[in-house]
Amino acid sequence: MRPEPGQVLHFSEDPTIKRFVPHVAPTSSLTESYVWAVDHDRCPDYWFPRACPRAMAWVGPRTTEQDTDRIIGAGCGDRVHAVEYRWLQALREVRLYAYRLPAERFKPIGDRPHAVVSTVAVEPLGPPERVGDLFELHEEAGIQLRVLPSLWPFWDEVIASTLEFSGIRLRNARR
């Protein structure tokens with residue numbers, strides 16, 4: 001589930017959205033109102049139930065072979081996503097939808113862009129598409145999906161490494 005050229009995607013469990021209106025996300029430290037979406041490379045970050053905490057790491061230009069072998073695993077590809085056992089059922093059962101949005105309305109956000117945002121309302125290019133089996137998506141993309149009792153030991157290793165990384169909804173992770 002990736003955008004086509006000229007598109008970005010917004011993932012949601014709500015299949016009834018007709019128009020995306022900029023708002024301040026309740027969890028955001030930013031005070032500006034945005035419509036949030038992601039490009040091709042960041043779509044896998046959102047192949048999860050919305051509230052599911054996840055820790056993700058991937059090989060970047062400065063990543064050492066030692067960190068790749070130690071954290072991702074030798075011969076295990078170049079990207080790993082980790083979730084907690086208690087989220088497996090939700091990962092299996094969630095009904096996730098992707099909305100295709102016009103890319104020209106969006107600009108990258110962040111020092112190292114992790115999403116794209118629009119400051120104006122945006123209408124989807126068509127009806128939402130059911131994302132389908134999230135395990136299959138990870139497999140087809142060659143992304144290792146790791147299941148752990150707690151994300152924190154893994155996260156501590158990832159952020160101290162040379163890997164690129166992203167953590168989403170970590171406040172929901174088991175302490």
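Here, every reference points to the structure presented above.
Each chain carries its own residue numbering, running from 1 in the direction its sequence is written. Confidence filtering applies because this is a predicted model: local features only for residues at pLDDT of at least 70, side-chain atom pairs given and counted only at 80 or more, and all residues used for totals across whole chains, interfaces and linings. Hydrogens and waters are ignored; side-chain quantities use all the structure's heavy atoms.

Caption draft 1: Geometry of the sheet that holds strand E2 (residues 35-37). When DSSP finds at least two bridges between two strands, those strands are taken to pair. Strands here are runs of E lasting at least two residues and helices are runs of H or I lasting at least four, both read from the DSSP assignment and numbered beginning at the N terminus. On the basis of which strands lie adjacent, the open sheet formed by 3 strands has the order E2-E7-E6 and antiparallel pairing. The two strands at the open ends of the sheet, each matched to only one other strand, are E2 and strand E6 (107-109). Taken over all neighbouring pairs, the strand axes of this sheet differ in orientation by 45 degrees on average, direction set aside. In this sheet, strand E7 (residues 115-118) lies alongside E2 in antiparallel orientation, the contact comprising 3 bridges. Paired with Trp 36 across the two strands is Val 117, which belongs to E7. Each axis is a line fitted through C-alpha atoms, taken for helices only over the stretch in contact, and angles between the N-to-C directions span 0 to 180 degrees.

Caption draft 2: Just the pattern of salt bridges, in detail. Salt bridge, as used here, is a side-chain nitrogen of Lys or Arg placed within 4 Å of a carboxyl oxygen of Asp or Glu. All chains considered together, the criterion is met by 7 salt bridges. Between Arg 70 and Glu 157 there is a salt bridge; the shortest N-O distance is 2.5 Å. Of the two residues, Arg 70 is situated in helix H1 (residues 65-73) and Glu 157 in helix H4 (residues 152-159); the sequence distance between them amounts to 87 residues. Each residue's exposure class comes from its accessible area (1.4 Å probe, protein chains only) as a fraction of the maximum for that residue type: buried when under 20%, exposed when over 50%, partly exposed otherwise. Since its relative accessible area comes to 43%, Glu 157 is described here as partly exposed. Residues Arg 100 and Glu 129 are paired through a salt bridge, measuring 2.5 Å at the closest nitrogen-oxygen approach. Highlighted residues: Arg 100 in strand E5 (residues 97-102) and Glu 129 in strand E8 (residues 129-130), separated in sequence by 29 residues.

Caption draft 3: Focus on helix H3 (residues 134-141). What H3 keeps buried is the set Leu 134, Leu 137 and His 138. An end-on view of H3 places all buried positions within 95 degrees of arc, on one side of the element. Away from its buried face by more than 90 degrees, H3 exposes Glu 139 and Glu 140. A contact between two residues is defined here by any heavy atoms of the two lying within 4.5 Å. Of the surrounding secondary structure, the elements contacted by the buried residues of H3 are strand E4 (79-84), helix H2 (88-93) and strand E9 (144-148). A 3.5 Å cut-off defines polar contacts: any pair of N or O atoms within that distance qualifies, except that in protein one atom must be a possible hydrogen donor and the other a possible acceptor, and neighbouring residues in sequence count only when both atoms are side-chain atoms. Its side-chain oxygen at 2.8 Å from the backbone nitrogen of Phe 135, Asp 133 defines the N-terminal cap of H3. The positive-phi residue at the C-terminal boundary of H3 is Gly 142, with phi of around 70 degrees. In this description, the arc belongs to the directions extending from the helix axis to the C-beta atoms.

Caption draft 4: Highlighting the packing of aromatic side chains. Classification of ring pairs uses Phe, Tyr and Trp, with its six-membered ring standing for Trp, and accepts pairs whose centres are within 6.5 Å; under 30 degrees between planes counts as stacked, over 60 as edge-to-face, and the remaining range as tilted. Counted under the stated rule, the structure contains 3 aromatic pairs. Ring centres 5.1 Å apart and planes at 80 degrees place the aromatic pair Phe 20 and Tyr 99 in the edge-to-face group. One end of the pair, Phe 20, is in the loop between strand E1 (7-12) and E2; the other, Tyr 99, is in strand E5, and 79 residues separate them in sequence. Exposure class is identical for Phe 20 and Tyr 99. Each is buried. Measuring from ring centre to ring centre gives 5.7 Å for Tyr 34 and Trp 36, while their planes differ by 80 degrees; the resulting arrangement is edge-to-face. Trp 36 gets classed as partly exposed once you look at its relative accessible area, which sits at 23%.

Caption draft 5: Structural context of the pairing of E7. Both faces of E7 are covered, namely the face carrying Ala 115 and Val 117 and the face carrying Val 116 and Ser 118. In this structure, E6 lies alongside E7, joined through 3 bridges in antiparallel fashion. Bridging from a neighbouring strand, Ile 109 pairs with Ala 115 of E7. As consecutive antiparallel partners, E6 and E7 are separated by 5 residues, and within that stretch Gly 110 has a phi angle of approximately 105 degrees, a positive value.

Caption draft 6: Expanded view of the nonpolar core. Among the nonpolar cores identified, the biggest contains 26 residues, and Met 1, Phe 11, Trp 47, Val 131 and Leu 134 are the most heavily contacted of them. For this core, the secondary structure elements donating two or more residues are E1, strand E3 (54-58), H2, E7 and H3. In this structure Val 131 touches Met 1, Phe 11, Leu 96, Tyr 97, Ala 98 and Leu 137, once residues within four positions along its chain are discounted. In this text, buried Ala, Val, Leu, Ile, Met, Phe, Trp, Tyr and Cys residues form a nonpolar core when linked through side-chain atoms within 4.5 Å. Listed in part, the 15 residues of the second largest apolar core include Ile 71, Trp 152, Leu 163 and Leu 170.

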